[in-house]
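Spelled out from the first residue to the last, the chains are:
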Protein chains: 4
Amino acid sequence: MIRAGIVGGTGYTGVELLRILALHPAVEVTAVTSRADAGQRVDKVYPSLRGYCNALFSLPELDNLLACDVVFFATPNGTAMTMAAELLDRGIKVIDLSADFRIKDVKEWEKWYGMEHASPDLIAEAVYGLPEINREAIKQARLIACPGCYPTAVQLGFLPLIETAAIDVGSLIADVKSGVSGAGRKAELSSLMSETGESFKAYGVSGHRHLPEIKQGLEIVAGGNVGLTFVPHLTPMIRGIHATLYGRLTQSVDLQALFEQRYQDERFVDVLPAGSHADTRNVRGSNRCQIAIHQPQGGDTVVILSVIDNLIKGASGQAVQAMNLLFGLPESQGLETVALYP
Amino acid sequence: MIRAGIVGGTGYTGVELLRILALHPAVEVTAVTSRADAGQRVDKVYPSLRGYCNALFSLPELDNLLACDVVFFATPNGTAMTMAAELLDRGIKVIDLSADFRIKDVKEWEKWYGMEHASPDLIAEAVYGLPEINREAIKQARLIACPGCYPTAVQLGFLPLIETAAIDVGSLIADVKSGVSGAGRKAELSSLMSETGESFKAYGVSGHRHLPEIKQGLEIVAGGNVGLTFVPHLTPMIRGIHATLYGRLTQSVDLQALFEQRYQDERFVDVLPAGSHADTRNVRGSNRCQIAIHQPQGGDTVVILSVIDNLIKGASGQAVQAMNLLFGLPESQGLETVALYP
Amino acid sequence: MIRAGIVGGTGYTGVELLRILALHPAVEVTAVTSRADAGQRVDKVYPSLRGYCNALFSLPELDNLLACDVVFFATPNGTAMTMAAELLDRGIKVIDLSADFRIKDVKEWEKWYGMEHASPDLIAEAVYGLPEINREAIKQARLIACPGCYPTAVQLGFLPLIETAAIDVGSLIADVKSGVSGAGRKAELSSLMSETGESFKAYGVSGHRHLPEIKQGLEIVAGGNVGLTFVPHLTPMIRGIHATLYGRLTQSVDLQALFEQRYQDERFVDVLPAGSHADTRNVRGSNRCQIAIHQPQGGDTVVILSVIDNLIKGASGQAVQAMNLLFGLPESQGLETVALYP
Amino acid sequence: MIRAGIVGGTGYTGVELLRILALHPAVEVTAVTSRADAGQRVDKVYPSLRGYCNALFSLPELDNLLACDVVFFATPNGTAMTMAAELLDRGIKVIDLSADFRIKDVKEWEKWYGMEHASPDLIAEAVYGLPEINREAIKQARLIACPGCYPTAVQLGFLPLIETAAIDVGSLIADVKSGVSGAGRKAELSSLMSETGESFKAYGVSGHRHLPEIKQGLEIVAGGNVGLTFVPHLTPMIRGIHATLYGRLTQSVDLQALFEQRYQDERFVDVLPAGSHADTRNVRGSNRCQIAIHQPQGGDTVVILSVIDNLIKGASGQAVQAMNLLFGLPESQGLETVALYP
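These numbers come from a predicted model, not from an experiment.

J.: Explain the domain arrangement of chain A here, please?
T.: Quoted interface sizes are often the accessible area lost when the parts come together. Residues and elements named next belong to chain A. Entries for chain A in the domain assignment read domain 1 (2–125) and domain 2 (149–310). Look at where the C-alpha atoms of domain 1 and domain 2 centre, and you get two points 27 Å apart. For the side of domain 1 that touches domain 2, the element with the most residues is helix H4 (residues 106–113), which contributes 3 residues. Tallied by class, residues from the side of domain 1 that touches domain 2 come to 5 nonpolar, 2 polar and 3 charged.

J.: How do you make sense of the relation of the copies chain D and chain B when you look at a structure like this?
T.: Both copies of the chain are related through a single rotation about an axis accompanied by a shift along the same axis. Once chain D is rotated about the relating axis by 180 degrees and shifted along it by 0.0 Å, it coincides with chain B to within an RMSD of 0.0 Å. What the superposition gives is, in effect, a two-fold axis relating one chain to the other. When the interface residues of chain D are mapped onto chain B, 100% of them again fall at the interface, so both copies present the same face.

J.: Please explain the relation of the copies chain A and chain D as it appears in this structure.
T.: The two copies are related by a screw operation: chain A maps onto chain D through 180 degrees of rotation and 0.0 Å of translation along the axis, at an RMSD of 0.0 Å. In this assembly the copies share their binding face: 100% of the residues contributing to the interface of chain A also contribute to that of chain D.

J.: Got a minute to help me understand the environment of Val 320 of chain A in this structure?
T.: All names here are of chain A. Mapped onto the secondary structure, Val 320 falls in helix H11 (residues 312–326). Owing to 28 C-beta atoms within 10 Å, Val 320 belongs among the buried residues under this scheme. Sequence separation between Val 320 and Val 226 is 94 residues, and the spatial gap between their C-alpha atoms is 30 Å. Once residues lying within four places of it in the same chain are set aside, the contact partners of Val 320 are Ile 20, Leu 21, His 24, Gly 334 and Leu 335.

J.: Explain the interface of chain A and chain D to me, please; I cannot follow it from the model alone.
T.: With 36 residues of chain A in contact, the opposing surface of chain D contributes 36 residues. Secondary-structure elements contributing two or more residues to the side of chain A that touches chain D are strand S8 (172–178), helix H8 (193–196), strand S9 (201–202), strand S10 (228–234), strand S11 (241–248) and strand S14 (301–308) of chain A. Classifying every residue of the side of chain A that touches chain D by side-chain character gives 15 nonpolar, 14 polar and 7 charged.

J.: Explain the sheet that holds strand S5 (residues 93–96) of chain A here, please?
T.: All names here are of chain A. Pairing within the open sheet is parallel, and its 7 strands lie in the order S3-S2-S1-S4-S5-S7-S6. Two strands bound the open sheet, and with one partner strand each, they are strand S3 (57–58) and strand S6 (127–128). Inspection of the sheet shows S6 paired to strand S7 (residues 143–145) by 2 bridges, in the parallel sense. Looking across to S7, one finds that Tyr 128 is bridged to Ala 145. The sheet contacts of H11 involve strand S4 (70–73), S5 and S7, and relative to S5 the element is tilted by about 160 degrees.

Rules used throughout
- Every chain begins its residue count from 1, and numbering advances along the sequence as written.
- Numbering of ligands from 1 and lettering of chains from A proceed in the order in which they are written.
- The model is predicted, so local features are restricted to residues of pLDDT at least 70 and side-chain atom pairs to those at 80 or more, both for listing and for counting; the totals for chains, interfaces and linings are taken over all residues.
- Each domain's limits were defined by an automated method or a database of domain assignments.
- We count a stretch as a helix when DSSP gives it H or I for four or more residues in a row; a strand needs E for two or more, and each element gets its number in order from the N terminus.
- All amino acids are sorted into three groups, where Ala, Val, Leu, Ile, Met, Phe, Trp, Tyr, Cys and Pro are nonpolar, Asp, Glu, Lys and Arg are charged, and the leftover types, Gly among them, are polar.
- Residues below a pLDDT of 70 in either copy are left out; the C-alpha atoms of the rest, at least 70 in both, set the least-squares superposition of the copies.
- A pair of residues counts as a contact when their C-beta atoms, built from backbone coordinates, are separated by no more than 7 Å.
- Counts of 20 or more other C-beta atoms within 10 Å of a residue's own C-beta define buried residues, counts of 12 or fewer define exposed ones, and intermediate counts define partly exposed ones; C-beta atoms are placed from the backbone.
- Strands qualify as paired when DSSP identifies two bridges or more between them.
- Orientation is described by axes fitted as lines to C-alpha atoms, over the contacting stretch for helices, and by angles from 0 to 180 degrees between their N-to-C directions.

Structure (structure tokens):
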């Protein structure tokens, strides 16, 4: 059994890791930390886990994690970078769900995240944990930087088009809509049901932290500069991201075939039949990305619809997928669930 | 492998059966019928099932079901009673999720359901499929009448109190709230999001079909007449039932201990710690009933809070639990899931 | 023009007062206080008010309120009691939407609210602002204690039955469901959309602060002790309260006629036709209480369904109704709106 | 008093007209038709209107409308075109909320709406009822074609940019999100709460009927061809449209000033301060369009956020605004309401 630790067990990605790992046949969760709830039973805070988790929350200290084979960081940005080195030094793998190791350019990271990076030397080593691009590197990694939720949906949608140079990468648009769980489990006015229910809005239009991450990912694939307008929105539901992606075609191409071939061996990317519309409800509770491709009126604009569950393929499920690769387990182990519809 | 058929695969209980059985290690779904969608791929109608179900919908005809070991009826009331006999005659087990075989008094059934019963002779044989009461009978049954969603939540909540004669059964009140999926997948004005969203109402106060079912169940336990006021409500969410139950105590009793003992061996009934409040989100996507017990101000009124996912413990999950018992499988096989929180 | 001040303009009842008074032809809002937002434009915080409110938030200090004819307190409990005396001394009327002056027994108040009362001498003078009971007293008052949201829905529902001694007041049950705006505009985990959306739960079953308020109101009418079990619930919507009330009839009475006669002259209490079910959406955005009466199976249990918009008839609308009475204006002035359906 | 008739009083735009006109000081609703509900009291079907509407539904026949000064058609497409001529011949003004007279090119209309036009001769006369463009023509009109909901939000957002040739009209993108009431009050599976709640999807990406309407409107302003990609989405809320509009700037321009000047005299278009994000909740229940302008990272892509209440400024409110102009009333009469927040 792989012994896993979770630092930051009281956020939504933390509890989602607990939910997934509770039923993973090869993993045992041996430590769950929470500064605020240390000493309490995990299933007292999360009654949904009663009968599936006997752990107590412990303090987020090194000693409590040393018996682990792998430690997941489901923490706010700025925590993993202060603890990763000590864990790696002891041979413990680190899978970071926060943004600490996602951006290769440390100056860029510090600009967007507003703090000094505590482990700049580890950034180069960290492997960006998007299996559909980085599968082999993930298998060899010590430190994995799990992609953000928006970046997962956007990159998986644009990837086949950029890899084949089918679109002009100078003027991409990503209009993306997220459920409110993306804002995390934090006591903030803006996340109240009275503030977010029955309402729809964009936010961060002038610049969102996932912009440099998406650009970095797309530029690696494009082999050069990418022009991207990224507009995130908040939609009145709990789980789900829907990315509507726009690009200008530079050549005539069978888009449906292109996507189907690119993802034919990917268990967690599902290209819908031609003419379909992706719907977040069809991936809610699953680790899957579903993608639909349109070319309205046969013009030169391609429209990609890409949906994920932000807490699973956009966070904790993808982290477990990376863990499976890292430990030589079947990639989909513990992740074979059918979306909860309706 | 047990070969299962599903009659009525396009309603919410039908697709929920498909979801659960897709991952059940001992069951293979060999027939899914739908009059409207016959010939279509199931996963075209339900993209959430892509990769987990290769079946086509077939017509709801006997020939399409003869190769099954068990047939689930996830149909509107009035269908199972016309097909059950033929299946049973051929040695095929029948698990009916509709109301056709729930009420022992055929006159009472005909009054509430407004039609003549097509198989009155089978009613006596049918076993009411609430494992927490009828486990042994279910194991021996040929024909199982699965409980309704409201009756499941209400009976599990009142059961320990009535079995021990701790409350006056002459004046029970069940104030129950259901998510809108309980109304089924039917094109009706009253189920539109614009009609049900952001709104709360009672309905059927003068008399709801689940009233005689609940009374019958409670009277068997009480061994006599039960007086019950049952008020169902519609709450603006998709899944979940919350029963708030009121009774007058006739003796001093340690309520918490009473419930914990009664359900200590029940995998799918979870008595919450004293002082807790049950929350439907903590059972959404699971086959569990969670129960909390209160005695406000130490008075003689007991308040029981009982929650289930109406489509799982209130329908398809409970049906699979019964199937497991029927075929000698571990009772919780295929049903070990953690609720999808948040 | 009546000059009105609002202390605590950034909560939901505060902004609702602003919304109502913005269109009230006889009132001018001359001061809106907020400690946190002092100096800011009100419509910067609430863009819905752009074009209807030019005020700036000021500090909640006496000097900022002295030019007012009436001051509304839309504050947390414990604020109005510290400022009311000074305002009253200067001839300024006070309408308190908080709980500070609702309970006549100061010991009882201090027990439930967990603090010492700062103005016990004013409690006796305060008029409980439920116009349907206290209309004449309100007209003469200096200090009005507006009822809580739950107490409004529950009292209006029970009133005709208790006034006529039609039910046994020893065993009343009020099973009440509230939208989440009732929890106020506070940054609390439990009010997040991810925590409250798609979920239903009871809370405060062992004792809620509105219990003594409701009991006091009903006991005044009953002229003696009342036994009440009050169970509040949280339902996943923003506005609305639905009270389901249960009582045992002590005599045969034409319930529909009783309610229609009792409320025939009440502009804001609407008795629905026999057989109806009240629906919160039909009063959302209006100052109305709609009531439906049922006697299931002709038994001795009466079931009353009573709905209000918790922020209007349950708070700010009722406060304006009281203000209209206080200043000799038509009682419904500024309150004639039709519910926003759908 | 203006005597108004409403044909199609049971849809959401019909009941919204009833709500608005119930409080309009210069209008009396003298006829409300509904084939299905003829003979019933309007407030039986819509209890929200109790006390504000004493009308009975009548059959949608000419005789029932002859006493009107103006008739609103809140009907499905294809009805107004069969009745308008007879009304106009009798001097009765017609305000059509459906799409029958919106498209000037009858062949184009017939292609998108899939039927033969019954009154092609009236198309040229019909005035497109967007006051912000057509105010003077509306005042003189006999027949007004009210804009669709999406077209209102999109055109008001793009207008200032196209009028001043500030953007390249060859590659506009309108990514628009609508609440579910936009689908109307029709019993359809796809509009159930269980199908639309907690989910987000695009639809009609290959071509939606509002595309030619928007293009026609923008091309009149541009004085030439416009290239537009229009992607509508369904968001899990009842009311509200949020348009996110993308264009490429062709010149350096003070965007904020441009919008503020263009709309400075428009009562129902509100340009938010620089840096704002528009939020549908801030216009819910009001006739207002709120607009925010962004130029991310100072690049050449402009992003416009434009929100309306689809049933008010996107339908019934705008129709009343047109009626006011038509009859020489103050343009905002009966429409001065503050959005219902929260």
